[in-house]
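Inside the fold
Listed below are the residues making up each chain.
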Amino acid sequence: MNRPILLHTDRISKTFPGVKALDGLNLQVRKGEVHAIVGENGAGKSTLMNILSGVYAPDEGRMTFDGKEVFFKHPRQAQEAGIVMIHQELSLATNVSVMENVYIGRLKTGKLGFVRYREMEKACKELFDRIGIEGIRPDQTIEELSISQMQMVEIAKALSLEAKLLIMDEPTASLTHRETEILLGIIRELREQGVSVLYISHRMDEVFAISDQITVLRDGKYIDTLRTAETSPNEVISLMVGREISKSFKRQYGAVPSGAKPILRVEGLCAGEKVRNVDLEVYPGEIVALTGLVGAGRTELVQSIFGIDPRTAGRIRLDGREVRIRSPRDAIGLGIALLPEGRKIQGIFADMSVRENISMAGLRSFARGLMLMRKKEARAAEEYVSRLAIRTTDLEKEIKFLSGGNQQKAILARWLLTKPRLLILDEPTHGVDVGAKAEIYEIIDRLAQEGVGILLISSELPEVLTLADRILVMRSGEVAAELPVGEADQERIMKFATA
Amino acid sequence: MQALVRLARQAGRQKEIPILAALLILCVVIAWMSPFFLTWQNIFNVFRQFSVIAILAVGEGLIIITGGIDLSVGALLGLMGVLGATLASLGWPAPAVFVATMAFGCAAGTLSGLLITKVRINPFIVTLGMMSVARGTSLLITGGMPISIDNGITYLGGGHIGNVPVSVIIMFIVAICGYVFTTRTLPGRNIYAIGNNERAAKLSGIPTDRMKIMVYVIMGALCALSGMIVSGTLDTAEPAAGTGYELDVIAAVVIGGASLSGGKGSIPGIVMGAAIMGVLRNGFVLLQVSAYWQVVTIGLVIIGAVAIDSIKNRSANA
Ligand SMILES: Nc1ncnc2c1ncn2[C@@H]1O[C@H](COP(=O)(O)OP(=O)(O)OP(=O)(O)O)[C@@H](O)[C@H]1O
Ligand SMILES: [Mg+2]
């Protein structure tokens, strides 16, 4: 592997108020290699990528790209040099069409400066075909898409630019198995063409499936670069956390007491096109997972249970009693919590503090009349920050300054704090590192043991297989199969999901 | 030591400090150019002048924090003054005039709020329409002529407690209430959440529509209060009173650190923003800047404040 070096950083440092995000970092990326960057939440991965792609300027250090020393003042300059980045958080304009998003900043125009929509649509369609994206029309607006479809558009946009170095910051965090496979295929093809890829992910299986080299960061420092072929996930993880980790999570199955009534019973639920005649039950202490391909209607199903999307037919019973849920407010009042997917769009209050973000859904329990009891609120937030090991300098920091995984943990805390009877989780560990995932699984497990009913959507199959008691496979809005966890595996699930 | 770190951090987060600094610099400059600026008489004058802008800015601030806007404040102020004066001329006692005018203000706010949340019309358009409707109604009621008021209600605008004008006291009360509301109450927290991310707010169980209507109702009430103060100052209700106030008010809010994209802003900052506008206007008079230049300058100040906000936003999101 003696290909020429494409990118070289020399002692790059970056400090934010209260945190040294990067500390004298050296990194070498060769031409045509897939180079994975791993590290715990808050290790500095996104910060490094933001520096490479011209979003932030480093405080110290130098960078050589393609044989020349470079200093980017603006992402556009990095793009012109051939560095393209897919950001961790979605950056699409939501009320604009897919194709305009893909070609943003370089809309195809005719002689008179009018945008040539037809040409653009054709090019966009060709791009999607080439990449293997199905089910998205170039003229749809972004807000009509699901979070994972948005992610695919984001990827397509990056691929439509001619890149020498493509940076992907957790591109698969909201993708299911099938789309992940498609993406990995594309990356392999790019590598053949001599494009280098910097690939950030918390999913070790992907990192090992795709990368040539793995660089580990910890607390803003460079730890080591390993050849993928010569290392193992365990070695990488222990380098990430800085110690041997021994315990792995194992669920404590509590048997559902016979004769127990289901906490949630859904009968004949229909909502729009996406949810058709769904029946399902969740018993106290049970974790039920919903799987399926993107677009199978999992998110729509839980959103209609929670009162976000209107239901067109069907009944919902809680503890045997029929309930009317017309808004999330009703649902919360009944003891239901929904952690939604897509934290940037549906989750975070960017300019508000970590404390305010954590307490938002349970705020009424911190109010006497209309007045807030701020001490009590701060204590509760503090408790969850330490329980979930949310990495922040203090509670009053604006949440937008937290790393992606830590934002996710804060939003999970928001819903745990409401102490629900029925907890619905839509991609709960989106962007969360390996260690924190185990912590979260333990918390979920403990809730189940306490008798909370849990409905889980996750695109990560290992997560589903470790946590769930029962797995429901959805296909085009219907429940296509139900598998007890003992009988479920990748193949059987895919068979029902696609049949 | 830790307490010290925390204190330093808190001070670093006080976004009002640059605004306060700007206000002080402005005062020093004007005081240096005109010795009259720092006389007691003029200081009370400045306070009285900007008290109405500050009261309105508190309401406008709440609206802008939710991500909305209200262009009708000046026109509503005029209309409310006229309505109050009309009731007074019918011989209503002052408390009744007060309550009824406040109720009119709340009703006008409810109407805007309902149009925005239930009919889903853009707040810019709704309040632009309201502005025209309110101004037209004032002219219809009065036939374009001022109504003179001979009623205790003028105490709000003309009265003094000791040396201090009542309107200034009202301003402080409104500001303190606004401060407590935004920092210590449940609905206050909710309006920031709505301005930050309305969808996430709804998913967190916040009754977003109700909260949005509420801020327009508060605005309506504050317009009524201001209308009575302005007409009380001169013992006359002018149908044209408050013309153009929306600009000063929105400028005060933006200078005070709120963002037109919502979710940000503090009441102390907003009141200081109003003070900056008041001092600026007073300075123009003292320094005998021509009225035409005043108009131009105020426009530039507004554009400048919004530009700073948008540049700040851009660098934060980059
Ligand atoms: N704009 C910012 N202002 C202040 N602090 C920041 C900012 N951006 C990042 N940080 C801090 O820098 C550290 C590194 O963050 P970074 O986003 O690079 O982590 P990461 O490795 O990408 O983590 P994750 O896996 O959670 O995405 C964190 O402690 C974070 O809070
Ligand atoms: Mg990151």
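Scanning the model with the defined rule gives 34 salt bridges over all chains in all. For A:Asp59, the salt bridge identified is with A:Lys14, shortest N-O distance 3.8 Å. Of this pair, A:Asp59 sits in the loop between α1 (45-52) and β4 (60-65) while A:Lys14 sits in strand β1 (residues 5-16), and the two are 45 residues apart along the sequence. With a relative accessible area of 45%, A:Asp59 lands in the partly exposed category. The exposure class assigned to A:Lys14 is buried, which follows from its relative accessible area of 12%. Ionic pairing is found between B:Glu198 and B:Lys212, a salt bridge with its closest N-O pair at 3.1 Å. A residue pair is termed long-range when its members are at least 10 positions apart, and B:Glu198 in helix α10 (residues 198-203) and B:Lys212 in helix α11 (residues 208-234) qualify at 14 residues. A relative accessible area of 31% means that B:Glu198 is categorised as partly exposed.

Residue and element names in this part refer to chain A. Among the structural elements, Gln252 can be located in the loop between α8 (233-241) and β11 (264-271). For Gln252, a relative accessible area of 47% translates into the label partly exposed. It is 17 Å that separates the C-alpha atoms of Gln252 and Ile471, two residues lying 219 residues apart in sequence. Sequence-distant contacts of Gln252, that is, excluding residues within four places in its chain, are made with Asp445 and Gln449.

Looking now at the interface of chain B and chain A. Quite often, the size of an interface is put as the accessible area lost when its parts meet. The interface is formed by 29 residues belonging to chain B together with 38 residues belonging to chain A. Taking both sides of the interface into account, the surface hidden between chain B and chain A amounts to around 2,600 Å²; carbon and sulfur atoms contribute 56%. Summed over the three residues of chain B that lose the most area to chain A, namely B:Leu186, B:Arg189 and B:Leu203, the buried surface amounts to 28% of that side. One can count two salt bridges joining chain B with chain A. Its salt-bridge partner being A:Glu356, residue B:Arg189 comes within 3.4 Å of it at the nearest N-O pair. The interface formed by chain B and chain A contains 12 residue pairs in polar contact (both at pLDDT 80 or more). Among the elements that make up the side of chain B that touches chain A, the one with the highest residue count is helix α9 (residues 186-196) of chain B (seven residues).

Ideal geometry at a metal centre gives angles of 109.5 degrees when four donors are arranged tetrahedrally and 90 or 180 degrees when six donors are arranged octahedrally. Residue and element names in this part refer to chain A. Bound to the magnesium ion (ligand 2) on the protein side are Ser46 (OG) and Gln88 (OE1), at distances that span 1.9 to 2.2 Å. One end of the pair, Ser46, is in helix α1; the other, Gln88, is in the loop between β6 (83-86) and α3 (98-102), with 42 residues separating them in the sequence. Residue Ser46 is classed as partly exposed on the basis of its relative accessible area, which comes to 21%.

This next bit is on a positive patch on the surface. Residue and element names in this part refer to chain A. Where like charges cluster on the molecular surface, the positive patch consists of Arg368, Arg374, Lys375, Lys376 and Arg379. Counting residues per element, the positive patch draws most heavily on helix α13 (residues 374-387), which supplies four residues. On the basis of relative accessible area, Arg368 is assigned to the exposed category, the value being 64%.

Turning our eyes to something else, we now look at the confidence of the model for chain A. Counting all residues, the mean pLDDT for chain A is 88, and 96% of those residues have values of 70 or more. When pLDDT is averaged over each element of chain A, helix α12 (residues 354-359) of chain A comes out on top at 97 and helix α17 (residues 490-498) of chain A at the bottom at 82.

Residues and elements named next belong to chain A. For the structure shown, the criterion picks out three cavities of 30 Å³ or more. Quantified by volume, the largest cavity comes out at close to 150 Å³. For the lining of the largest cavity, the secondary structure elements donating two or more residues are α6 (177-192), β13 (287-292) and α17. Considering each element in turn, the lining of the largest cavity owes the most residues, four residues, to α17. A class-by-class count of the residues in the lining of the largest cavity yields five nonpolar, seven polar and three charged.

Definitions and limits used
- Residues numbered from 1 in each chain as written.
- Chains lettered and ligands numbered in written order.
- Predicted model: local features only at pLDDT ≥ 70, side-chain atom pairs only at ≥ 80, totals over all residues.
- Heavy atoms only, no water.
- Salt bridge = Lys/Arg side-chain N within 4 Å of Asp/Glu carboxyl O.
- Helix = DSSP H or I, 4+ residues; strand = E, 2+ residues; numbered from the N terminus.
- Buried < 20%, exposed > 50% of the residue type's maximum accessible area, 1.4 Å probe, protein only.
- Contact = heavy atoms within 4.5 Å.
- Buried area = accessible area lost by both parts, 1.4 Å probe.
- Polar contact = N/O pair within 3.5 Å; in protein donor to acceptor, adjacent residues only side chain to side chain.
- Donors = N, O, S within 2.8 Å, 3.2 Å for Na, K, Ca; no water.
- Patch = residues over 30% accessible without salt bridge, like charges linked within 9 Å, V, L, I, M, F, W, Y side chains within 5 Å.
- Areas by Shrake-Rupley, 256 points an atom, 1.4 Å probe, with all protein chains shown as cover.
- Lys, Arg positive; Asp, Glu negative; His and termini not counted.
- Charge placed at Lys NZ, Arg CZ, Asp CG, Glu CD.
- pLDDT = per-residue confidence, 0-100.
- 1 Å grid on protein atoms, 1.4 Å probe; cavity = no way out; pocket = protein on both sides within 12 Å on 5 of 7 lines; lining within 4 Å.
- Points joined across faces, edges and corners; volume = space filled by probe spheres on them.
- Nonpolar A, V, L, I, M, F, W, Y, C, P; charged D, E, K, R; others polar.

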